[in-house]
Structures are given as C-alpha cells and as structure tokens.
Amino acid sequence: MAEWIETYRGVVSAWECDIVEHFTIAYYFDRFADATRNLIELIGEAESLGAAAGAPGSRLVATFQHELRAGAAHHILSAVTGVEATALQLGHQVIDTTSGKVVTWVAETLPLAANVPCATRQTLAARVMPWTGPEIPKPNNVKSTGALTARDRVKPWEIDERGRLSLPDFVHRFSGAGMHLLTSIGLTSDYMHKNRRGFSTFLLDFEIAGAAKAGDRIDVVTTVAHLGNTSLKYVHHMTGADGRAIASMVQAGVQLDLDARRPAPMLPEIRAAIEARLRT
C-alpha cells in the first residue's frame, strides 16, 4: 500500500541546540537515520535493504523551511518515492507536531544492489508515492580547492550498528569545518555573540563516497561556492589519510539576526573576505 508512514516521533532537547539557538543540523541527521531504518523495517524489508542505509552511494538532500527550537515536539513521515535499477529513492517530511507544518523535506537515495530479490522490488514499486517536496538539485560538482577546516580521528562510539561512521557524526565534523571557514572570513564566535548573529542553514546536500571506520584519520577541506546578499554556500570534502574520498556536503545558509530571526546582510569587510575566497 502506497502511503506516508510515521517513522519517528520525539522532541528537541536543549543540549541538541547550537549557537543559532535552534536544532543542530547533525541531530536532524540522527533523526533521518532512524526514520530510514524504521521505514525499511515497517515495510518488511529490513533483511533485504537494512545494509543500504548510510552505505557508500547514499545521498541526502535536506531543505530546511522552518526552525525547530528546544522543546519542540516533532515527527517524521517517510515514503518510497522511486525505484531504479541501482537506487532506491525515499522521502521524509519532518513535521512540527504542534503546528502541523512541514519544517524540513529530505530526499534520500540509497544504493540498491543488483541481487535484491524481484519480490522486494515489486513491494517497493507498489509503495511509491509522488515526491511533492522542493526540487532536488543536481549532484555537487564543486572541486575541492579550499583550506583544511577539520582533522581528527573516528572514535569507536561514532560507529553505527552497521559498523560505519554514523550520519550525525559525519555532519558534526562538517558543522565544525563550517565554523572554521566562517571564522576565517570574520564570522567569528566573538562577532556572533556581540552582534547577535548566527549562520542558519537552509540546504544540505550530503553524499557518502566511501567508508570510515574507528581509528581512521579524517580530513575536511571547505570551498566557498557562492555569495548572496545575506546568503553563503560552501562545499565540504572529506577524505581519509590516504586521500580517498569519504563524503562531501554542500551547505547553504544565511547570516541570521538572532533576535529578529530574519536574514541579515553581510558587513562589507566580511563580503570582501568571502569574495577573495571566490577569486582563488
């Protein structure tokens, strides 16, 4: 039966909020991971498809339309939105339970193995619902030309039940890398606190290219891709110690006035620092 199924229900804890005073993007991905695994289980395909969740070849495009702040009750509706020869398309709607508004749309692609049984493919095809969320952008093709913004090692507690670096722990690193980039162009923590400014993400396009296991070194390089009046887009590339690609993430957001909760223009000196990055 084709339908949107509730795959997650919870609340935003205070400790899951960031300097922008709303739900941290990494913890959204914690919810997305649960929703994906729960959907696969609820439609009875955990045995055939369980290993696909978070595997290399996965892509998640998240469009954030409204904020969730500390204490916000929310739930997720998920559905199969397409079945291809080598890929399974899923959709997730994060809903503010109080207002009923969709606060975030997620279009997810999972790798689909050639040996997936025909019966499973037929079950999935019968469950396909139309995607009614925002248009999905073409995959990222920005080259890695930026500066090193993160370097550390994968910790044992960051590994998920499939033995891979978990989705939220990928994104925690990209978030930290983003702060290093912002600091380098003048959007420092000091500036943000004194001026009541923050950087609020409205789009994430996350792709997994390879596996990372406990003890592996991880490097992140971040490249500025676009500057608007209030907005900024940059791209993170994560590699291993041997230079192999592990993941990438496009992050687009706005400078946010934390009191008005509205986008705020960049100062001229910050714009100049960003434009210098775009020229290199």
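In what follows, the structure referred to is the one given above.
A brief structural summary. Keep in mind it's a predicted model, so treat the numbers as computed, not measured.

A few words now on the overall build of the protein. Scanning the protein from terminus to terminus reveals six helices and eleven strands. Once the C-alpha set of the protein is aligned to its principal axes, its extents read approximately 60 × 50 × 35 Å. Considering only contacts in the protein between residues 6 or more positions apart, those separated by 24 or more positions represent 73%. Counting only carbon and sulfur atoms, one obtains 54% of the accessible surface of the protein, whose full area is about 12,700 Å². In the protein, 28 positive and 30 negative side-chain charges are present, and the distance between their average locations comes to 5 Å.

This next bit is on the side chain of aspartate 96. Structurally, the position occupied by aspartate 96 is in strand 4 (residues 87-96). Despite its burial, aspartate 96 remains without a salt bridge, the nearest opposite charge being carried by lysine 101 at 7.7 Å. Those residues in contact with aspartate 96, other than ones at most four positions away along the chain, are Leu68, Ala73, Lys101 and Val103.

Next up on the list: empty space enclosed by the protein. Throughout the structure, instances matching the rule amount to one cavity of 30 Å³ or more. Space inside the largest cavity adds up to approximately 30 Å³. Lining the largest cavity are Val61, Thr63, Trp105, Val106, Ala107, Trp131, Pro134, Glu135 and Ile136. Listed by contribution, the elements that provide at least two residues to the lining of the largest cavity are strand 2 (59-64) and strand 5 (102-111). With three residues, strand 5 is the single largest residue contributor to the lining of the largest cavity.

Looking now at the pattern of salt bridges. Counted under the stated rule, the structure contains 19 salt bridges. One salt bridge connects arginine 9 with glutamate 6, and the closest N-O pair in it is separated by 2.6 Å. Note that aspartate 205 is salt-bridged to arginine 59, the shortest N-O span being 2.7 Å. Of this pair, aspartate 205 sits in strand 7 (residues 197-208) while arginine 59 sits in strand 2; the two residues are 146 residues apart in sequence, bridging distant segments of the chain. Like arginine 59, aspartate 205 is buried. Salt bridges sharing common partners tie together Glu21, Glu67, Arg69, Arg196, Asp259 and Arg261.

Glancing now at the pairing of strand 9 (residues 231-240). Burial of strand 9 is extensive: eight of the ten residues sit out of reach of the surface. As paired elements, strand 8 (residues 217-227) and strand 9 share nine bridges and run antiparallel to each other. Along strand 9, the bridge assignment pairs valine 224 with tyrosine 234. Where strand 8 hands over to strand 9, the hairpin turn is made up of three residues, counted between the paired strands. Sheet topology note: the strand 9/strand 10 (residues 245-257) ladder contains nine bridges and is antiparallel. Counterpart to valine 235 in the pairing with strand 10 is valine 250. Connecting strand 9 to the antiparallel partner strand 10 that follows it, the hairpin turn spans four residues, and glycine 243 within it adopts a positive phi of roughly 85°.

Each value, and the rule that gives it
- Here the residue numbering is sequential within each chain, running from 1 through the sequence in written order.
- The model is predicted, so local features are restricted to residues of pLDDT at least 70 and side-chain atom pairs to those at 80 or more, both for listing and for counting; the totals for chains, interfaces and linings are taken over all residues.
- Hydrogens are left out, water is left out, and the side-chain values use all remaining heavy atoms of the structure.
- Helix and strand labels come from DSSP, where a helix needs a run of H or I of at least four residues and a strand needs a run of E of at least two; each type is numbered from the N terminus.
- Any two residues having at least one pair of non-hydrogen atoms within 4.5 Å are treated as being in contact.
- A 1.4 Å probe and the Shrake-Rupley method give the accessible areas. Residues count as covered only by the protein chains that appear here.
- Only four residue types enter the tally: Lys and Arg on the positive side, Asp and Glu on the negative side; His and the chain ends are excluded.
- Throughout, a charge is located at the NZ atom of Lys, the CZ atom of Arg, the CG atom of Asp or the CD atom of Glu.
- Each residue gets one of three labels from its accessible area relative to the maximum for its type: buried under 20%, exposed over 50%, partly exposed in between, using a 1.4 Å probe on protein chains only.
- Put simply, a salt bridge is a Lys or Arg side-chain nitrogen that is within 4 Å of an Asp or Glu carboxyl oxygen.
- Detection works on a 1 Å grid of protein atoms alone, calling trapped sets that fit a 1.4 Å probe cavities and calling open sets with protein on both sides within 12 Å along at least five of seven lines pockets, with lining residues defined by an atom within 4 Å of a point.
- Grid points are joined across faces, edges and corners, and a volume is the space filled by probe spheres set on the points.
- Should DSSP find at least two bridges between two strands, the strands are regarded as paired.

Note that all results are geometric; they support no functional claim without further evidence.
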